[in-house]
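Below, each chain spelled out in residue letters.
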Amino acid sequence: MPKQKSTARSLSTAGLLAATSLVLALSGCATYDVTAPADARAEASAEGKATDGKASDGKDTAAGGVDCAKAKCVALTFDAGPSENTARLLDILKKEKVHATFFMLGKNHVAKRPAEVKRIDAEGHELANHTWSHQILTEIAPEEAKRELSRLQDAVRKITGKTPRLMRPPQGRTDGEVSKISKDLGLAQVLWSVTAKDYQTNDSALITKRVLEQTERDGVILLHDIYQGTVPAVPGILKELKKRGYTVVTVSQLLSPAKPEPGMVYRPE
């Protein structure tokens, strides 16, 4: 892989050290901006930028008044659904009074399970884009990459009347061209800091252990509601996170008062 270069993103408020953004440049590719959720939040606060108070699902992003600059927040995200496990997951989240961000696939998921998509939206979770068929966006033509994202956008909008503002590139692989496409479609990119690698195991205890070992403040947890061991692990994960003082939020809530910026890559530190 070509060597990456980084530069600090300028701030309008002197002395603010936390809010920085990296500009990554790949040889032969356009540059793209990267920032941590905590940095985006701090910069927005420093510059007096207020959100419209709405996440991509149209719900209040204030997390019941929680300020993640003060609270010990972590975002909970689920990729590649909805699936036959999603209803059970939603029951758990409802019982625990937790909201999550769902990065959904189109083919064999959104297209076949519109009822689950409607329920995700109705119960206050965040609707997000994981492409139509999980193609690696950096390995396909730009026109095809745009279709992968826009087709999912259209499907979710048709089902819920709402258009996602967040997307997660399959395998977290992005570049300048993907960022440009994302910007054109009004999508911010969201990576993660915690992965249970639940695609490798159905051992719920191991999934729980991996999540808890990696979780830190302002992180983003990546799980998949398509695997059999994942949903049974969620109650234990939430119980222990709460015990450790974490407030579990959606990605947009973690960013607030910043708005998701189209084309930006949000990567937790």
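This one's a predicted model, so the numbers in the text were calculated from it and none came from an experiment.

**Regarding the state of the cysteines**
Taken as a whole, this structure holds one disulfide when the rule is applied. Residue pairing for Cys68: its cysteine sulfur links by disulfide to Cys73, the two sulfurs lying 2.2 Å apart. Note on the Cys68 and Cys73 pair: the S-S dihedral is about -85 degrees, so by sign convention the disulfide is left-handed. Accessibility classification places Cys68 together with Cys73 in one group, the buried group.

**A word on unusual backbone geometry**
At the junction of Gly81 and Pro82, the peptide bond is cis and its omega measures out at -5 degrees in the coordinates. Following the sequence through the fold, Pro82 ends up in the loop between strand S3 (73–79) and helix H2 (86–96). Cis geometry marks the peptide bond from Ser256 to Pro257, where omega comes out at 20 degrees. Note that Pro257 resides in the loop between helix H9 (251–255) and strand S11 (265–266). One non-glycine residue, Lys197, adopts positive backbone phi at about 50 degrees. If you trace the backbone, Lys197 turns up in the loop between strand S8 (194–195) and helix H7 (204–214). The partly exposed category is assigned to Lys197, whose relative accessible area is 36%. Phi is positive for Asp218, close to 65 degrees, though the residue is something other than glycine. Tracing the sequence through the fold places Asp218 in the loop between H7 and strand S9 (219–224).

Cut-offs applied
- Residues numbered from 1 in each chain as written.
- Predicted model: local features only at pLDDT ≥ 70, side-chain atom pairs only at ≥ 80, totals over all residues.
- Heavy atoms only, no water.
- Disulfide = S-S within 2.5 Å.
- Buried < 20%, exposed > 50% of the residue type's maximum accessible area, 1.4 Å probe, protein only.
- Helix = DSSP H or I, 4+ residues; strand = E, 2+ residues; numbered from the N terminus.

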